[in-house]
Amino acid sequence: MLADRLLVERVDFVSVPVTDLDRSTAFYRDTLGLEQIGAGAWPEFQLGENVSLYLLDPTNIGQEFTGPHTSPIALRVPDVEAARRDLEAKGIVFAGDTFDTSVCHMAHFSDPDGNVLMLHRRYAPHES
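We now turn to the structure provided with this report. (Residues numbered from 1 in each chain as written. Predicted model: local features only at pLDDT ≥ 70, side-chain atom pairs only at ≥ 80, totals over all residues. Heavy atoms only, no water.)

Brief notes about the overall build of the protein chain
Item 1. Within the protein chain, the secondary structure is distributed over two helices and eight strands.
Item 2. Walking the protein chain from its N terminus toward its C terminus, one meets helices and strands in the order β-α-β-β-β-β-α-β-β-β.
Item 3. Judged by the C-alpha coordinates and their principal axes, the protein chain covers about 50 × 45 × 25 Å.
Item 4. Taking all 128 residues of the protein chain together, 35% fall into the buried category.
Item 5. At a minimum sequence separation of 6, the contacts of the protein chain that also span at least 24 residues come to 52%.
Item 6. When the accessible surface of the protein chain is split by element, carbon and sulfur atoms take 51% of a total near 8,200 Å². (Helix = DSSP H or I, 4+ residues; strand = E, 2+ residues; numbered from the N terminus. Buried < 20%, exposed > 50% of the residue type's maximum accessible area, 1.4 Å probe, protein only. Contact = heavy atoms within 4.5 Å. Areas by Shrake-Rupley, 256 points an atom, 1.4 Å probe, with all protein chains shown as cover.)

Shown next as structure tokens:
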């Protein structure tokens, strides 16, 4: 720690709880087309340059699956509507229409265990 803050270099991975590693691995690799960088009991997928998504079967660490996470993981894509069309063609069902916040576009969907994901693209600058 420096002074009164934690020095975080970056986020290495985001864990996603799943009940069936094979099914979830196929979803993230084959349906979403994410680059798989880890396999076996610890499947991991690269998300852009600085973070990965890590599938975690809680029973592998002596815990139970208590439910999916409901706060979406925002996957930044070049074009939300184009990515949505591609995923809908693969059978992904989205939760409602693509939402325009006047700052970004977002479209929510879930993985096979109900973990919430979002296609996202900011088109307006951050306000200071």
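Past the structure itself, the notes keep going.
A closer look at the sheet that holds strand β4 (residues 51-56)
Item 1. Spatial ordering of the open sheet is given by β1-β4-β3-β2, a layout of four strands whose pairing is mixed. The outermost strands of the open sheet, each flanked by one partner alone, are β1 (13-17) and β2 (35-38). This sheet shows a mean twist of 35° between the axes of neighbouring strands, independent of strand direction.
Item 2. Examined bridge by bridge, strand β3 (residues 44-47) and β4 share four bridges and lie antiparallel to one another. Bridge pairing in β4 places Q46 opposite S52.
Item 3. In this fold helix α1 (residues 21-31) packs onto β1, β2, β3 and β4, with an angle of close to 155° to the strand it touches most, β4. (Pairing = 2+ DSSP bridges. Axes fitted to C-alpha atoms, helices over the stretch in contact; angles between N-to-C directions.)

Some thoughts on the side chain of D113
Item 1. Topologically, D113 is positioned in the loop between β7 (104-110) and β8 (116-122).
Item 2. The exposure class of D113 is buried, given its relative accessible area of 12%.
Item 3. Within polar-contact distance, the side chain of D113 engages the side chain of T19 at 2.5 Å.
Item 4. There is a polar contact of 3.4 Å between the side chain of D113 and the side chain of S24.
Item 5. Other than its neighbours up to four places away in sequence, D113 contacts P17, V18, T19, D20, R23, S24, F65 and P68. (Polar contact = N/O pair within 3.5 Å; in protein donor to acceptor, adjacent residues only side chain to side chain.)

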